[in-house]
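Commentary on secondary and tertiary structure
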Amino acid sequence: MLQQIQITDSIYYVGVNDRIKDLFESLWTLPYGVSYNSYLIVDEKVALMDSVDLCYSERFLRQIDGILQGRPVDYLIVDHMEPDHSGSIGMLKRRYPNIRIVGNKKTFAMMSSYYSTIDDNLIEVSEGDTLSLGRHELTFVMAPMVHWPEVMFTYDKTDKVLFSADAFGTFGTLDGNVLDTKLDTKHYFEEMERYYSCIVGKYGKFVQKTLEKVKSMNLEIKAICPLHGPVWTDEAARAIAIYDKLSRYEAEKGAVVLYGSMYGNTAALADTIARGIGSKGIKHVVTYDVSRGNPSLIIRDVFKYRAVVVGSPTYSNGVFQPMANVLELLRVREIPDRLFSVFGSCSWAGQAVKKMTPFAEEMKWELVGEPLEQKGSPDDADLERAYALGMQIGDRLNELYR
Ligand SMILES: Cc1cc2nc3c(=O)[nH]c(=O)nc-3n(C[C@H](O)[C@H](O)[C@H](O)COP(=O)(O)O)c2cc1C
């Protein structure tokens, strides 16, 4: 029989890798692919923890069959309804007609909207409810908005495993192994920052609430099983620390310089401002051309660094569209407490700088320096003003991170 991947004596990994999807949520690049994780607890009763994207149902069911050898799945625990995890519920229901589906009130409201035919054998649970599988006892912990409103965690008291839905998840397929102790975790941790910022980033307050709640429960946790990426055992504390830091929006000393440019004028200002910042000893200055830069890296870096500097040419009386798109991506994430500076270029009637400047107020960010706009190609005086703006940003960063 094919060797199965075990997390504990009676918990198996039955997830799948996706290297075909090129954009997660049709937005975020996947250079290392992504895994959809699911876990099987084999006891007197069998429980399956979430499912996988519909495209991978067949492979998923084969793995389950390989472990169960004809036994049915008794319970499907739905910690998260997003289609990359709930997509195979219909297949499971057809394969195991008596399967009982466990979720909370919000889970089932969503289930009826996504899969209207799945309406029987539902077990509704609330905060703190338990379910015994025989030896294993599962406790349900609500984690609303740790991505979606219906999200819950499931804690297995017996093996001390926390099934954490999308929390502590990361991009990247699971190649060769599943447990952190058996993987080179370096790129998973890098991808974790990008995953968190783009996927969960808007919901920092809710992540904090759930982290505090789980902490106050004093659970002994030997393994965290998220719905994407490695199972965290030895490195669980590091994964928790990253989620904690990012959900507090804690920024490092550094600047992200974002610009759009058709003919190089705004680009020249951007490089000059970046040098001004660097001249003050700021080592982390990351500059992106927003027409080409990967939006997920831009968002990740705005989560990471304190200063955000944006530059745009005036385009048809407004902000250059690629920059407007980036500002919108940042706006919806409601990242607090950043420094903000604005610059731009125009030819006859500048509008971009004027229209971008109120973004500071909207986000409650601190505006550093005078917004800078020049006409046509920047001359020496313009470049000197740009350099001085960069120095001002560097000075402010040095003040804040003494
Ligand atoms: C399609 C298009 C629309 C523009 N619209 C305006 C405008 O409404 N007002 C203005 O002052 N300049 C306008 N400009 C001029 C640019 O803002 C100006 O050339 C600027 O310096 C370009 O900066 P860049 O070299 O960074 O692309 C427009 C240019 C183009 C190509």
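Below or above, wherever it landed, is the structure these notes cover. If you're wondering where the values come from, they're calculated on a predicted model, not measured in any experiment.

**Describing the sheet that holds strand β13 (residues 152-156)**
Taken in spatial order, the 5 strands of this open sheet run β11-β12-β13-β14-β15, and their pairing is mixed. Two strands bound the open sheet, and with one partner strand each, they are β11 (130-132) and β15 (223-225). Pairwise comparison of adjacent strand axes, ignoring direction, gives a mean angle of 20° for this sheet. Judged from the 3 bridges that link them, strand β14 (residues 161-163) and β15 form a sheet pairing that is parallel. Considered in β15, the bridge of phenylalanine 163 is made with cysteine 225.

**Some remarks on the sheet that holds strand β9 (residues 100-103)**
An order of β1-β6-β7-β8-β9-β10 is seen for the 6 strands of this open sheet, with the pairing classed as mixed. Strands at the two margins of the open sheet, each flanked by one partner only, are β1 (11-13) and β10 (122-124). Each strand axis lies, on average, 25° off the axis of its neighbour in the sheet, ignoring direction. Relative to β9, strand β8 (residues 75-77) runs parallel, the two sharing 3 bridges. The residue of β9 that forms the bridge with isoleucine 77 is valine 102.

**As for the pairing of strand β12 (residues 137-142)**
Of all 6 residues in β12, 5 are buried, a share of seventy percent or more. Bridge count between β11 and β12: 3 bridges; the pairing is antiparallel. By the bridge assignment for β12, threonine 130 is matched with threonine 139. What sits between the antiparallel neighbours β11 and β12 is a turn of 4 residues, in which glycine 134 has the positive phi angle 125°. Inspection of the sheet shows β12 paired to β13 by 5 bridges, in the antiparallel sense. Counted as the bridge partner of methionine 142 is methionine 152 from β13.

Cut-offs and rules
Residues numbered from 1 in each chain as written. Predicted model: local features only at pLDDT ≥ 70, side-chain atom pairs only at ≥ 80, totals over all residues. Heavy atoms only, no water. Pairing = 2+ DSSP bridges. Helix = DSSP H or I, 4+ residues; strand = E, 2+ residues; numbered from the N terminus. Axes fitted to C-alpha atoms, helices over the stretch in contact; angles between N-to-C directions. Buried < 20%, exposed > 50% of the residue type's maximum accessible area, 1.4 Å probe, protein only.

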